[in-house]
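Structural overview
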There are 4 protein chains.
Amino acid sequence: MRVAVLTGGGDCPGLNAVIRAAVRKGVQEYGYDFTGFRDGWRGPLEGVTVPLDIPAVRGILPRGGTILGSSRTNPFSAENGVRRIRENLDKYEVDALIAIGGEDTLGVAARLGDEYGIRCVGVPKTIDNDLSATDYTFGFDTAVNIATEAIDRLHTTAESHMRVLVVEVMGRHAGWIALHAGLAGGANAILIPEQRFDIDQICGWVESRFKIRYAPIVVVAEGAMPKDGDAVLKDSSLDSFGHVRLSGVGEWLAKEIERRTGKEARTTVLGHVQRGGTPSAFDRWLATRFGLHAIDAVRDGDFGTMVALRGTQVVRVPLAAATAKLKTVDPGLYAEAGVFFG
Amino acid sequence: MRVAVLTGGGDCPGLNAVIRAAVRKGVQEYGYDFTGFRDGWRGPLEGVTVPLDIPAVRGILPRGGTILGSSRTNPFSAENGVRRIRENLDKYEVDALIAIGGEDTLGVAARLGDEYGIRCVGVPKTIDNDLSATDYTFGFDTAVNIATEAIDRLHTTAESHMRVLVVEVMGRHAGWIALHAGLAGGANAILIPEQRFDIDQICGWVESRFKIRYAPIVVVAEGAMPKDGDAVLKDSSLDSFGHVRLSGVGEWLAKEIERRTGKEARTTVLGHVQRGGTPSAFDRWLATRFGLHAIDAVRDGDFGTMVALRGTQVVRVPLAAATAKLKTVDPGLYAEAGVFFG
Amino acid sequence: MRVAVLTGGGDCPGLNAVIRAAVRKGVQEYGYDFTGFRDGWRGPLEGVTVPLDIPAVRGILPRGGTILGSSRTNPFSAENGVRRIRENLDKYEVDALIAIGGEDTLGVAARLGDEYGIRCVGVPKTIDNDLSATDYTFGFDTAVNIATEAIDRLHTTAESHMRVLVVEVMGRHAGWIALHAGLAGGANAILIPEQRFDIDQICGWVESRFKIRYAPIVVVAEGAMPKDGDAVLKDSSLDSFGHVRLSGVGEWLAKEIERRTGKEARTTVLGHVQRGGTPSAFDRWLATRFGLHAIDAVRDGDFGTMVALRGTQVVRVPLAAATAKLKTVDPGLYAEAGVFFG
Amino acid sequence: MRVAVLTGGGDCPGLNAVIRAAVRKGVQEYGYDFTGFRDGWRGPLEGVTVPLDIPAVRGILPRGGTILGSSRTNPFSAENGVRRIRENLDKYEVDALIAIGGEDTLGVAARLGDEYGIRCVGVPKTIDNDLSATDYTFGFDTAVNIATEAIDRLHTTAESHMRVLVVEVMGRHAGWIALHAGLAGGANAILIPEQRFDIDQICGWVESRFKIRYAPIVVVAEGAMPKDGDAVLKDSSLDSFGHVRLSGVGEWLAKEIERRTGKEARTTVLGHVQRGGTPSAFDRWLATRFGLHAIDAVRDGDFGTMVALRGTQVVRVPLAAATAKLKTVDPGLYAEAGVFFG
């Protein structure tokens with residue numbers, strides 16, 4: 001049995017932990033061989049591989065990124081994409097494929113399985129934690145920890161100068177990172193894409209905070225938008241992973257708050273720091289368990305499935321579930337956080 | 001409505017976050033007054049209080065420990081304990097009490113409610129994560145992160161000198177910290193109280209690790225014991241929170257491994273560092289949600305209950321559930337980790 | 001004897017440690033009283049004070065920012081500034097003043113001493129480490145650690161996607177943070193204000209780095225400029241502390257690199273995160289020693305001086321030395337780093 | 001020109017940074033070849049080498065430990081030691097040798113140079129910072145940061161339970177780590193090997209601390225001893241690097257304090273965690289500069305010298321200076337810290 005592994009989409013702390021766990025268990029317990037495909041679906045499409053065995057996965061558990069590289073290549077957009085993938089799977093004698101990725105990567109895996117009978121098992125990955133099929137995805141906890149630490153640091157500088165600090169975090173369609181890091185960091189306002197914000201209300205919070213001689217921290221997801229129109233984002237370009245570039249909503253907010261309240265305001269855009277570096281303990285544990293369960297699904301011949309976390313259990317769900325529905329922040333949960341605003 | 005809050009048992013990162021969230025919501029949304037009882041059940045027993053209002057909880061979210069102090073006082077062991085508690089609740093005009101603590105503290109709350117009609121809501125706290133009624137307790141994630149970071153550091157020094165490093169972590173009856181930190185840190189052996197260990201097998205792992213020119217890290221819970229008798233612990237005193245003191249199993253293991261394999265072995269006992277300091281983002285988020293839901297239980301008059309995490313939801317369960325059953329590591333879960341041993 | 005303390009200019013991790021050390025030693029060993037002036041020179045100018053005694057400085061050692069607040073108020077620009085300061089020093093019975101700040105704050109202290117006989121001792125503070133009178137200033141080591149940790153994180157995400165990552169760090173006139181963090185983080189190019197950079201050379205480094213399948217990290221000080229003109233900064237506004245705002249040189253660089261090499265490039269602007277939060281151990285030690293030595297200078301009646309670090313010794317130098325000469329990166333030192341570029 | 005490199009003695013964060021810098025500059029700027037000798041002087045003694053070139057040093061900058069391995073082998077204690085070293089230097093065509101190590105390792109290098117004409121350049125390494133020839137050695141700052149972070153964590157748990165926490169840190173003959181981490185962590189007592197401590201005085205400090213409702217932290221260097229006799233250490237074994245093992249002075253202190261004051265006391269022995277893991281930014285910078293300057297000394301033919309830090313400059317001093325005199329804590333400096341005790 002030869003199993004191929006690939007990682008697609010934006011990188012997440014924990015990818016290497018998944019790869020390592022699958023290879024360790026596959027080789028040691030089931031006697032499988034492994035092949036790494038490079039750069040997501042580009043690997044099987046163009047036949048680019050990397051050796052994948054026990055020595056190759058040694059020492060990678062605490063390392064961020066992915067030893068396999070990543071890309072957003074979609075074989076269905078490539079000429080003869082599926083045929084070329086088939087040929088390469090044959091050429092490298094691949095019996096099963098573990099695809100680690102988000103909505104797009106797993107969507108391809110689902111379709112390759114359903115329509116072409118290619119034997120795939122999926123491992124969900126999204127730093128934004130916006131897949132409804134799983135309680136958490138790895139990388140999210142690391143990002144939240146990094147953002148929280150940054151907010152901790154900004155409190156003292158904000159208070160020394162009595163200025164507003166706006167922290168822009170990842171989250172184009174879902175505000176999970178903003179919500180968790182904002183709550184954990186003691187933010188005075190949390191703005192998420194799920195609910196348009198009212199700039200007047202925010203300025204009210206800012207002013208009430210200053211009245212008690214504390215300085216406000218506003219945490220804003222990159223995809224958050226004001227109530228009146230989407231003027232904020234009109235000059236923002238999107239990067240190739242769909243994330244809003246600098247001079248987005250954070251910068252706009254700081255300028256508006258300054259203009260309306262007369263208080264100095266500054267923006268910090270955390271950017272790629274949130275998705276790099278060593279994974280948190282939780283993410284290493286979750287990614288490791290995902291890797292172990294993915295190789296078990298391969299052994300069971302349970303293709304077309306994806307591993308997922310439910311409570312403290314790792315379960316299998318249909319691959320289609322990965323793309324079924326974006327998990328956005330529940331309004332009730334967001335309202336719960338409101339007690340800390342202002 | 002006046003609500004009293006107390007924290008009992010060993011301290012955990014996140015206690016202050018619970019207190020802050022309950023007070024913020026209680027005051028701002030429900031118009032409650034608060035009283036802090038000092039040092040767990042000693043507070044209501046001896047009538048020792050601390051002021052608890054919005055200014056008192058400002059800035060405490062990122063701080064470890066508890067602003068209320070803690071103790072292991074059990075009012076049922078004190079003369080006229082219950083009567084004195086009643087008198088003090090009357091004296092301070094307390095209508096409801098939020099008790100934050102582990103098995104012992106919550107057991108007292110349950111009994112005070114059941115037998116004496118005292119209106120209590122519980123918040124579970126155990127750094128060992130060994131309460132079966134909740135998926136996780138706050139403080140655990142912080143402890144696991146600290147232990148994992150220590151293991152990361154020990155890898156390089158172990159390898160430079162080709163010696164064995166034994167890391168003793170908390171966990172007297174349950175091996176959760178050892179299991180999670182050991183998996184996250186890439187340990188070569190994880191020893192937990194739930195399953196007696198075989199020193200010969202461990203020495204085998206140690207030797208096989210050296211054969212590939214890597215140095216082994218052994219993570220051991222303080223309550224782990226060898227197969228043949230409990231000789232290890234016979235000289236160990238227990239501290240007042242029931243934790244094994246230095247020169248416990250870690251030290252014993254290093255000596256045995258050295259004696260049997262001829263390889264140098266060293267022990268690091270992480271000790272109290274694991275339970276101190278600023279909580280991780282996850283623990284701040286969990287503790288904050290526990291605090292918000294505890295005050296909601298008070299408002300609903302839902303006494304005799306305790307908040308608990310199930311998946312991503314905070315629910316209420318009977319207080320009795322807190323003490324019902326120790327949540328130990330499942331043998332299947334432990335076996336799953338075995339692929340990384342040796 | 002009553003000693004007043006003030007902190008001026010941009011905040012730095014370590015300010016509170018200076019204040020605490022001066023107060024602890026002044027009260028305990030010399031029996032002095034203390035008065036805190038709020039918000040730099042605004043405090044003595046407008047007569048705004050904060051109580052400053054042993055309880056006030058308890059627990060502030062690990063806290064970033066300054067409990068006294070800060071501002072950039074210059075009494076020489078205010079009407080009757082010096083007279084008002086004199087009156088307030090008399091009113092609050094201040095015998096000596098410890099001024100903690102950078103070039104501007106200490107320049108005022110020097111002039112108040114020289115021209116008006118006001119008894120001042122200075123403590124140098126600049127996160128950029130650009131004062132020539134002292135080997136290091138506190139806050140710098142913390143900023144370098146934060147920037148280095150960010151660079152560590154960016155390496156893995158850069159490599160997973162084979163893209164260029166540009167990290168913009170503080171340093172408007174001096175490139176010390178960029179140089180130290182760039183060296184410590186293993187950057188492939190470090191750009192500093194002291195030497196105009198050649199965009200063609202940088203693109204050459206970028207391309208040679210990709211050739212060996214590694215992704216380049218470019219660390220750039222906010223004040224760095226390209227060889228041909230200062231077009232980069234023409235749209236950038238400066239904040240009130242003279243730091244370049246977002247969409248500065250980092251963003252410009254990423255776009256130019258992308259345009260010229262065809263490789264994806266991203267920017268991370270670390271911003272205020274660098275100057276906030278808990279100080280590193282080195283900065284706490286240095287700030288504490290500065291505070292102890294400043295109060296000793298007061299006791300010795302050694303006014304018009306400033307404390308400074310020379311090797312491992314804290315010495316006193318004339319206050320004028322603080323403003324004498326900007327300490328920029330020595331060309332030889334910068335050239336030394338060049339071996340790691342490309 | 002072929003240059004050999006070896007690392008001897010206990011490992012320190014920063015060793016890999018020295019190796020990398022020397023190899024990068026040696027290969028790129030001077031066109032040298034390199035050979036790594038494994039495990040300190042065992043390498044040239046037994047002829048055990050590792051390949052050392054640009055690919056071998058890639059990515060090692062942030063990694064603790066040493067890729068060359070280490071040992072305490074002393075060729076002068078080995079039969080025909082010097083002759084065998086000579087033969088292996090000839091066999092591997094080594095023209096010059098960079099020895100990175102402490103007193104012992106560099107003492108061998110000095111003697112090999114003086115007595116046998118072997119061309120050596122030294123790089124000082126001691127985590128205890130006790131070499132008088134250099135202001136700082138790399139590894140020390142990392143150790144101090146780790147110990148300070150641990151002390152930060154212990155404050156909150158100490159205060160929640162109103163107990164004494166004793167933290168035992170490295171430092172057998174010199175108390176630098178204890179002094180710096182104790183000052184940075186806000187310890188209430190710092191005990192160093194240079195000055196015998198008075199247990200009655202410590203108990204006095206402990207009691208005065210509790211009177212103001214704070215809990216004391218006592219930082220003790222492993223080599224500290226009480227005034228009356230050295231009874232403390234009589235049962236302690238030393239490990240092969242001369243460090244006191246567990247159940248040393250820290251444990252003794254906690255028991256004595258408990259016995260004399262009646263207050264609960266606990267010990268944390270930081271142990272090997274202090275010397276492992278990724279170096280701080282300062283240590284990476286210092287180690288990198290040491291590596292660059294060591295290879296320059298080789299190029300200049302300046303053998304029998306060692307690099308050293310003086311202020312912000314790296315200079316060369318005779319190798320003999322490395323072993324001339326232990327740099328212990330100056331009594332004046334220690335007295336300065338006394339203002340924070342109690």
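Residues numbered from 1 in each chain as written. Chains lettered and ligands numbered in written order. Predicted model: local features only at pLDDT ≥ 70, side-chain atom pairs only at ≥ 80, totals over all residues. Heavy atoms only, no water.

Quick look at the overall build of chain A
- Counting secondary structure elements, chain A contains 12 helices and 11 strands.
- At 22 Å, chain A has a C-alpha radius of gyration in line with the 20 Å of a compact globule built from 342 residues.
- Principal-axis analysis of the C-alpha atoms places the extent of chain A at approximately 70 × 40 × 30 Å.
- In chain A, which comprises 342 residues, the proportion classed as buried is 66%.
- In chain A, the share of contacts with a sequence separation of at least 24, taken over all contacts with a separation of at least 6, comes to 75%. (Helix = DSSP H or I, 4+ residues; strand = E, 2+ residues; numbered from the N terminus. Rg over C-alpha atoms; globule rule 2.2 N^0.38 Å. Buried < 20%, exposed > 50% of the residue type's maximum accessible area, 1.4 Å probe, protein only. Contact = heavy atoms within 4.5 Å.)

Side note on the pairing of strand β2 (residues 33-37) of chain C
Residue and element names in this part refer to chain C.
- Within β2, 4 of the 5 residues are buried, which leaves it mostly tucked inside the rest of the structure.
- Of the pairings in the sheet, the one linking strand β1 (residues 2-7) to β2 comprises 4 bridges and is parallel in character. Across the sheet, the residue bridging to Arg2 is Asp33, located in β2.
- Crossover β1 to β2 through helix α1 (residues 15-30) is right-handed. (Pairing = 2+ DSSP bridges. Right-handed = clockwise from strand over helix to strand, strands pointing away.)

Looking at the pattern of salt bridges
- Inspection of every chain in the model, using the stated rule, returns 87 salt bridges over all chains.
- With its nearest N and O atoms 3.1 Å apart, the salt bridge here joins Arg163 of chain B to Glu264 of chain B. Of this pair, Arg163 of chain B sits in the loop between α6 (140-161) and β6 (164-169) while Glu264 of chain B sits in the loop between α9 (249-261) and β9 (265-269), and the two are 101 residues apart along the sequence.
- Its salt-bridge partner being Asp300 of chain C, residue Arg299 of chain C comes within 2.9 Å of it at the nearest N-O pair. (Salt bridge = Lys/Arg side-chain N within 4 Å of Asp/Glu carboxyl O.)

Details of the sheet that holds strand β6 (residues 164-169) of chain D
Residues and elements named next belong to chain D.
- With parallel pairing, the 4 strands of this open sheet are ordered in space as β7-β8-β6-β9. Both edges of this open sheet fall to β7 (189-191) and β9 (265-269), since each of them pairs with a single strand only. Recorded for the sheet is a direction-independent mean angle of 20 degrees between the axes of neighbouring strands.
- The pairing of β7 with strand β8 (residues 217-221) spans 3 bridges and is parallel. By the bridge assignment, Leu191 is partnered in β8 with Val220. (Axes fitted to C-alpha atoms, helices over the stretch in contact; angles between N-to-C directions.)

A closer look at the UniProt feature "binding site: Mg(2+)" (unreviewed entry) in chain A
Residue and element names in this part refer to chain A.
- Following the UniProt record, the feature "binding site: Mg(2+)" (unreviewed entry) maps to Glu103 here.
- If you trace the backbone, Glu103 turns up in helix α5 (residues 103-116).
- Exposure remark for Glu103: the relative accessible area of 43% places this residue in the partly exposed category. (UniProt positions renumbered as here; feature names shortened; annotations may be inferred.)

Some remarks on the interface of chain C and chain A
- Opposite the 41 residues of chain C that make contact, chain A presents 41 residues.
- Carbon and sulfur atoms supply 50% of the area that chain C and chain A bury against each other, a total of about 3,400 Å² over both sides.
- Linking chain C with chain A are 0 salt bridges.
- Along the contact surface separating chain C from chain A lie 18 residue pairs in polar contact (both at pLDDT 80 or more).
- For the side of chain C that touches chain A, the secondary-structure elements that each account for two or more residues are α5 (140-161) and β9 (265-269) of chain C.
- Ranked by residue count, the leading element in the side of chain C that touches chain A is α5 of chain C, at 10 residues.
- Grouping the amino acids of the side of chain C that touches chain A by side-chain chemistry returns 10 nonpolar, 19 polar and 12 charged. (Buried area = accessible area lost by both parts, 1.4 Å probe. Polar contact = N/O pair within 3.5 Å; in protein donor to acceptor, adjacent residues only side chain to side chain. Nonpolar A, V, L, I, M, F, W, Y, C, P; charged D, E, K, R; others polar.)

Observations concerning the interface of chain C and chain D
- Every contact between the two is made by 38 residues of chain C and, on the other side, 38 residues of chain D.
- A combined buried area of about 3,500 Å² lies between chain C and chain D, and 59% of that area is made up of carbon and sulfur atoms.
- Inspection of the region where chain C meets chain D yields 4 salt bridges.
- Where Asp152 of chain D meets Arg284 of chain C, a salt bridge forms, and the shortest distance between an N and an O atom there is 2.8 Å.
- Joining chain C to chain D, the criterion identifies 14 residue pairs in polar contact (both at pLDDT 80 or more).
- For the side of chain C that touches chain D, the secondary-structure elements that each account for two or more residues are α1, α5, α6 (176-185), α9 (281-299) and α11 (331-337) of chain C.
- Top contributing element to the side of chain C that touches chain D by residue count: α9 of chain C, with 8 residues.
- Taken together, the residues that form the side of chain C that touches chain D break down as 16 nonpolar, 11 polar and 11 charged.

Some remarks on the side chain of Asp283 of chain A
- Locating Asp283 of chain A in the fold gives a position in helix α10 (residues 281-299).
- Among residues more than four places away in sequence, those in contact with Asp283 of chain A are Pro13, Thr137, Phe138, Gly139, Phe140, Asp141 and Thr142 of chain A.

With respect to the relation of the copies chain C and chain D
- Rotating chain C by 180 degrees and translating it 0.0 Å along the rotation axis places it on chain D, where the RMSD comes to 0.0 Å. Expressed as an axis order, the relation between the two copies is that of a two-fold axis. Every residue of chain C has its C-alpha some distance from the rotation axis, and the shortest such distance is that of Gly311 of chain C, at 1.9 Å.
- With an isologous cut-off of 70% or more, the 100% of interface residues of chain C that recur at the interface of chain D puts this contact in the isologous class. (Least-squares fit on C-alpha atoms with pLDDT ≥ 70 in both.)

Considering the UniProt feature "active site" (unreviewed entry) in chain A
Residue and element names in this part refer to chain A.
- According to UniProt, the positions carrying the feature "active site" (unreviewed entry) are Asp128.
- Secondary-structure assignment places Asp128 in the loop between β5 (120-124) and α6 (140-161).
- Here Asp128 falls in the buried class, since its relative accessible area comes to 10%.

Regarding the state of the cysteines
- Going through the model one piece at a time under the given rule, you end up with 0 disulfides over all chains.
- With no disulfide of its own, Cys120 of chain C has Cys12 of chain C as its nearest cysteine by sulfur position, at a separation of 20 Å. (Disulfide = S-S within 2.5 Å.)

Topic: the packing of α6 of chain B against helix α5 (residues 140-161) of chain D
- Contact geometry of α6 of chain B with α5 of chain D gives a least axis separation of 14 Å together with a crossing angle of 160 degrees. Looking at the two axes, α6 of chain B sits roughly antiparallel to α5 of chain D. Considering only the axes of α6 of chain B and α5 of chain D, their crossing is left-handed. Residue-level contacts link Thr142, Ile146, Glu149 and Arg153 of chain B of α6 of chain B to Thr142, Ile146, Glu149 and Arg153 of chain D of α5 of chain D.
- Taken together, the residues of the contact of α6 of chain B with α5 of chain D break down into 2 nonpolar, 2 polar and 4 charged. (Parallel < 35°, antiparallel > 145°, perpendicular 65-115°, else oblique. Left-handed = near helix turned anticlockwise from the far one by under 90°.)

Quick word on helix α4 (residues 103-116) of chain C
Residue and element names in this part refer to chain C.
- Relative to the 20 Å expected for 14 residues at 1.5 Å per residue, α4 spans 19 Å between its end C-alpha atoms, a close match to the ideal helical length.
- The set of residues buried in α4 consists of Thr105, Leu106, Val108, Ala109, Ala110 and Leu112.
- Elements in contact with the buried residues of α4: β1, α3 (81-91), β4 (96-101), β5 (120-124), β10 (305-310) and α10 (321-324).
- Backbone geometry just after α4 places Gly117 at a positive phi near 70 degrees. (Expected span 1.5 Å × (residues − 1).)

As for the sheet that holds β1 of chain C
Residues and elements named next belong to chain C.
- Spatially, β3-β2-β1-β4-β5-β10-β11 is the arrangement adopted by the 7 strands of the open sheet, whose pairing is mixed. Each end of this open sheet is capped by a strand with a single partner; those strands are β3 (49-51) and β11 (313-318). With direction set aside, neighbouring strand axes in the sheet form an average angle of 30 degrees.
- Pairing analysis gives 5 bridges linking β1 to β4, with the strands arranged parallel. If you follow Val3 over to β4, its bridge partner there is Ala96.

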